[in-house]
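Notes for the structure review
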Amino acid sequence: MKYRYLGSSGLLVSRICLGTMTFGNPDWGCDEETARAIVTAFLDSGGTFIDTADMYSGGASEEILGRAIADRNRHDLVIATKCWFPTGSGPNARGLSRKHIHEACDASLERLGVDYIDLYQIHGPDPGTPIDETMEALGALVDSGRVRYVGCSNLYAWQIVKAAMTGEQMGGPRLVSAQHLYNLVRRDVEREILPACDDLGLGMICWSPLASGMLTGKYRGQSKPDPDSRFGRNIGIYLSRYWWEEAFALVEEVVKAAGEVDRTPATVALSWLLGDRRVTAPIVGARTVEQIKANLEAGDYDLPMEIRERLTAAMPLRHGYPKDWIDNSLPNTFRHAEFEPRHSVKLP
Ligand SMILES: NC(=O)c1ccc[n+]([C@@H]2O[C@H](COP(=O)([O-])OP(=O)(O)OC[C@H]3O[C@@H](n4cnc5c(N)ncnc54)[C@H](OP(=O)(O)O)[C@@H]3O)[C@@H](O)[C@H]2O)c1
């Protein structure tokens, strides 16, 4: 297993993060015994970075994870969790108010059975709460020792920048990570979010790195997903997100590349993400021990650059405006500059 710094923080994490959304989920997840075996396989491989959330399986994911790590050395682990989704029926049992953030964090600490959370993430944007209230609440968690680092998830680029700048103006806390949907099929974050994170020093941790299993090649040749599969059980969300002709053509390219490097398609898809140093870690979800063991191969495997580039070109991302305007206009405008402009705009 190799380790990367989480963004520009000093925190080293395994470059495979273990996702625990399957833990305790009765429909498409696994029971506690399997979850424990998944955690053991992950830790035995040198994995340290584990992601959960207060809403996964209604809190059961945090509880199961807490019991699975109870006899481990807490300081060797980097535990990440999140708040934002409803945790009760009351109007304040959700979102990013000071009240909810404090209550949600205390409840997560209790379910996990730990004294502190390494990375506490806001799971989404709250349009009703001023961002300074949210950042102040997160800062108070850090000051009280309940949280070590703070991150975000599922925000627009402008919201990430606003939160980071607000934190900076207040003298803390600093956002160190963003957790977003990112895989070979869905590369939306490359337009605005990844460049913003890179500029601000946030590490990208990618959720759904295998496109809910599609990038393993398991759905090849199917016109409709098997009703018992992860896709079949979440048809309303996943079909429009991934089930496209171009995506299946891309899967064929991933399978072909896997044959060339003698690895699994999952390893190729995960190491494609890790080939971009703006990415800290894919968050790997597994339903079985066999799956996590297979996916851990990417912990120290680096995809050859020419294969990475071929896969990137296989389903090109349409950036659109303003990138096309900037790409046309910027090189001539700044032709006297000896160096490339810094930050997100790269000269072709
Ligand atoms: N911040 C957010 O909003 C957010 C959202 C979603 C997830 N997450 C985080 O990201 C983690 C991963 O998300 P995800 O579950 O959507 O990831 P994913 O990589 O897209 O899908 C994981 C699923 O793919 C299948 N799979 C995995 N490895 C496989 C293998 N080697 N061979 C065949 N099938 C395999 C399994 O499902 P089946 O066996 O059932 O097919 C597994 O549950 C979560 O656990 C969570 O921590 C965060």
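Higher on the page you've got the structure.
So, a few notes on the structure that sits alongside this text. (Residues numbered from 1 in each chain as written. Predicted model: local features only at pLDDT ≥ 70, side-chain atom pairs only at ≥ 80, totals over all residues. Heavy atoms only, no water.)

1. Details of the overall build of the chain
From N to C terminus, the chain includes 13 helices and 10 strands. Relative to the 2.2 N^0.38 estimate, which gives 20 Å for 348 residues, the radius of gyration of the chain is 20 Å and therefore close to what a compact globule would have. Its C-alpha atoms give the chain principal-axis dimensions of about 55 × 50 × 35 Å. Within the chain, buried positions represent 51% of all 348 residues. Here the contacts in the chain between residues at least 6 apart in sequence split such that 76% fall between residues at least 24 apart. On the chain, roughly 16100 Å² of surface is accessible, and the fraction owed to carbon and sulfur atoms is 51%. Here the chain carries 38 positive and 46 negative side-chain charges, and the mean point of each set is 2 Å from the other. (Helix = DSSP H or I, 4+ residues; strand = E, 2+ residues; numbered from the N terminus. Rg over C-alpha atoms; globule rule 2.2 N^0.38 Å. Buried < 20%, exposed > 50% of the residue type's maximum accessible area, 1.4 Å probe, protein only. Contact = heavy atoms within 4.5 Å. Areas by Shrake-Rupley, 256 points an atom, 1.4 Å probe, with all protein chains shown as cover. Lys, Arg positive; Asp, Glu negative; His and termini not counted. Charge placed at Lys NZ, Arg CZ, Asp CG, Glu CD.)

2. Brief notes about the state of the cysteines
In this structure the tally under the stated criterion is zero disulfides. Lacking any disulfide linkage, Cys-152 is separated from the closest cysteine sulfur, that of Cys-197, by 6.2 Å. (Disulfide = S-S within 2.5 Å.)

3. Some words on the sheet that holds strand S3 (residues 17–19)
Ordered by their spatial adjacency, eight strands build a closed barrel running S3-S4-S5-S6-S7-S8-S9-S10, and the pairing between neighbours is parallel. The mean angle between the axes of side-by-side strands here comes to 25 degrees, regardless of whether they run parallel or antiparallel. Sheet analysis places strand S5 (residues 78–83) next to strand S6 (residues 117–122), joined by four bridges and oriented parallel. Within S6, the residue paired with Lys-82 across the bridge is Gln-121. (Pairing = 2+ DSSP bridges. Axes fitted to C-alpha atoms, helices over the stretch in contact; angles between N-to-C directions.)

4. Things to note about the packing of helix H3 (residues 98–112) against helix H4 (residues 131–143)
In a pair of packed helices, the angle between the axes and the distance between the axes together describe the arrangement. One can describe the packing of H3 onto H4 by two numbers: an axis separation of 9 Å at closest approach and a directional angle of 30 degrees. Regarding the angle of H3 to H4, the classification is roughly parallel. The two elements H3 and H4 meet at a crossing, and its hand is right-handed. Across the interface between the two elements, Arg-98, Ile-101, His-102 and Cys-105 of H3 pack against Glu-133, Thr-134, Glu-136, Ala-137, Leu-138, Ala-140 and Leu-141 of H4. (Parallel < 35°, antiparallel > 145°, perpendicular 65-115°, else oblique. Left-handed = near helix turned anticlockwise from the far one by under 90°.)

5. Quick word on the site of the ligand
The ligand sits among 27 residues. The nearest are Asp-51, Asn-154, Ser-212, Lys-218 and Gln-291. A distance of 2.9 Å separates a nitrogen atom of the ligand from a polar side-chain atom of Asn-295. Protein chains bury 92% of the 920 Å² of accessible surface belonging to the ligand in isolation. Broken down by class, the residue content of the shell around the ligand amounts to eight nonpolar, 14 polar and five charged. (Near = heavy atom within 4 Å. Polar contact = N/O pair within 3.5 Å; in protein donor to acceptor, adjacent residues only side chain to side chain. Nonpolar A, V, L, I, M, F, W, Y, C, P; charged D, E, K, R; others polar.)

6. Some words on the pairing of strand S8 (residues 175–181)
The buried fraction of S8 amounts to seven of the seven residues, a majority that puts the element mostly inside the structure. Tracing the backbone out of strand S7 (residues 147–153), into helix H5 (residues 157–169) and back to the parallel element S8 gives a crossover that is right-handed. As paired strands, S8 and strand S9 (residues 203–207) are joined by five bridges and run parallel to one another. Opposite Ser-177, over in S9, you have Gly-203 as the bridge partner. (Right-handed = clockwise from strand over helix to strand, strands pointing away.)

7. A short note on the pattern of salt bridges
Two side chains carrying opposite charge are able to pair once their charged atoms lie near each other. Applying the stated rule across the entire model yields 18 salt bridges. We note a salt bridge from Glu-62 to Arg-111, for which the minimum N-O separation is 2.7 Å. One end of the pair, Glu-62, is in helix H2 (residues 60–68); the other, Arg-111, is in helix H3, and 49 residues separate them in sequence. Exposure remark for Glu-62: the relative accessible area of 0% places this residue in the buried category. With a relative accessible area of 23%, Arg-111 lands in the partly exposed category. Taking the shortest distance from any N to any O, the salt bridge between Arg-233 and Asp-228 comes out at 3.4 Å. Beyond isolated ion pairs, a larger network of salt bridges with shared partners links Lys-2, Arg-15 and Asp-302. (Salt bridge = Lys/Arg side-chain N within 4 Å of Asp/Glu carboxyl O.)

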